[in-house]
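A closer look at the structure
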Amino acid sequence: LNDGDYHRDICFDSDNNIYYTADVGPGATFSNSTPFVSTNGGYVVMKLDPTGNVLWQTGPIVTGYQLPARSVGINGNELGNVSAINGFTWGGVTVPNVPGEGYKPFLARLNKDTGAVINVHKLSSYFGVNDYADVVTARNGNFYVGGNFGDQLVAGSTTLTGAGQSNFFVAKFGTASCTLGL
């Protein structure tokens, strides 16, 4: 990576393949001079074989503003990636840039073999910056995302209203719908 680019998270599957996320600027390249897919900066998620060869890479096309890439986690044949962006398109899912509405925290579920987007699960936020801490996986097939939010966080019909500037949440993304709690 170049100056101004940042490593964010790494995890491994049972075959010792490496899944990696980083914030990258325009023109950034990986160790073997592989250019990243991001053309205007942003972040990438990539898979490398055990010897470090790039197998695939992907990332959202950011049209608004974003927080840095946060974390990745393996769950069966899926790779979960967590960040927060206001305005992006990724794998056919578009989240518009809405001024004053804060970042859109999300979990992107990717096929770990191909990098194809399976789904992007969004949480809505209003007038507060949301900053994710991590994504973890459970043997029962769920992804758990934890982080903090400033004012309100909405998942489906559940709205959490903060009690101050920094409030913690955990969201469970499973085979059914997302559940959310303080």
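As a starting point, this report considers the structure included with it. (Residues numbered from 1 in each chain as written. Predicted model: local features only at pLDDT ≥ 70, side-chain atom pairs only at ≥ 80, totals over all residues. Heavy atoms only, no water.)

**Topic: the packing of aromatic side chains**
- What the rule picks out here adds up to 1 aromatic pair.
- Between Tyr-19 and Trp-56, the ring centres sit 6.4 Å apart and the planes meet at 55°, which makes this aromatic pair tilted. Here Tyr-19, found in strand S2 (residues 18-24), pairs with Trp-56, found in strand S4 (residues 54-58); they are 37 residues apart in sequence, far enough to count as distant. For the residue pair Tyr-19 and Trp-56, the accessibility class agrees, reading buried in each case. (Phe/Tyr/Trp six-rings, centres within 6.5 Å; stacked < 30°, edge-to-face > 60°. Helix = DSSP H or I, 4+ residues; strand = E, 2+ residues; numbered from the N terminus. Buried < 20%, exposed > 50% of the residue type's maximum accessible area, 1.4 Å probe, protein only.)

**With respect to the pattern of salt bridges**
- All chains considered together, the criterion is met by 4 salt bridges.
- Between Asp-13 and Lys-112 there is a salt bridge; the shortest N-O distance is 3.3 Å. Separated by 99 residues along the polypeptide, Asp-13 in the loop between strand S1 (6-12) and S2 and Lys-112 in the loop between strand S9 (104-111) and strand S10 (117-122) bring together distant segments of the chain.
- Under the relative-accessibility criterion, Asp-13 is labelled buried at 8%.
- With a shortest N-O distance of 3.8 Å, Lys-47 and Asp-113 are connected by a salt bridge. Of this pair, Lys-47 sits in strand S3 (residues 42-48) while Asp-113 sits in the loop between S9 and S10, and the two are 66 residues apart along the sequence.
- On the basis of relative accessible area, Lys-47 is assigned to the buried category, the value being 6%.
- The partly exposed category is assigned to Asp-113, whose relative accessible area is 43%.
- One salt-bridge network, in which partners are shared between bridges, spans Asp-13, Lys-47, Lys-112 and Asp-113. (Salt bridge = Lys/Arg side-chain N within 4 Å of Asp/Glu carboxyl O.)

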